[in-house]
Amino acid sequence: MCEYCSLKIYVQIERYSRPILAPLTEVEQLEYELINKTGIQYIQIPNNYCTMCGRRLKND
């Protein structure tokens, strides 16, 4: 197992509409403000394989 096997992977997406749900916490409120101002959101994607060594991380 390498040092990159446990890293989280995020993808940048561009939003054209505002989030529909009301924020539940102050952190969500700040995230929504950033999305409203920049239109950019980062979403964590599930990683089944390590990006560096190629080892399978999950048995699906």
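The structure we're discussing is the one just above.
Residues numbered from 1 in each chain as written. Predicted model: local features only at pLDDT ≥ 70, side-chain atom pairs only at ≥ 80, totals over all residues. Heavy atoms only, no water.

Here the focus is the overall build of the protein. If you tally the helices and strands in the protein, you get one helix and two strands. Ordered by position from N to C terminus, the α and β elements of the protein give β-α-β. Relative to the globule expectation of 10 Å for 60 residues, the C-alpha radius of gyration of the protein, 16 Å, shows a markedly less compact shape. For the protein, the C-alpha atoms occupy an extent of roughly 40 × 20 × 20 Å along the three principal directions. The burial tally for the protein puts 12% of its 60 residues in the buried class. The contacts in the protein between residues at least 6 apart in sequence include a share of 59% that link residues at least 24 apart. (Helix = DSSP H or I, 4+ residues; strand = E, 2+ residues; numbered from the N terminus. Rg over C-alpha atoms; globule rule 2.2 N^0.38 Å. Buried < 20%, exposed > 50% of the residue type's maximum accessible area, 1.4 Å probe, protein only. Contact = heavy atoms within 4.5 Å.)

Here we take up the environment of Thr25. Looking at the element boundaries, Thr25 is found in the loop between strand S1 (9-14) and helix H1 (26-38). A polar atom in the side chain of Thr25 sits 3.2 Å from the backbone nitrogen of Glu28. (Polar contact = N/O pair within 3.5 Å; in protein donor to acceptor, adjacent residues only side chain to side chain.)

Okay, the environment of Tyr42 next. Locating Tyr42 in the fold gives a position in strand S2 (residues 40-45). Residue classification places Tyr42 among the exposed positions, given a relative accessible area of 54%. Between the C-alpha atoms of Tyr42 and Thr25, which are 17 residues apart in sequence, the distance is 18 Å. Excluding residues that lie within four positions of it along the chain, Tyr42 makes contacts with Val11 and Gln12.

Of note, Gln41 is situated in strand S2. A distance of 3.0 Å separates polar atoms of two side chains, one belonging to Gln41 and the other to Arg15. With residues near it in sequence (within four places) discarded, Gln41 still touches Val11, Gln12, Ile13, Arg15 and Ile35.

Mapped onto the elements of the fold, Asn47 is located in the segment after S2. In terms of polar contacts, Asn47 uses its side chain to reach the backbone carbonyl oxygen of Leu7, at 3.1 Å. Beyond its immediate sequence surroundings of up to four residues, Asn47 is in contact with Cys5, Leu7, Ile9, Leu57 and Lys58.

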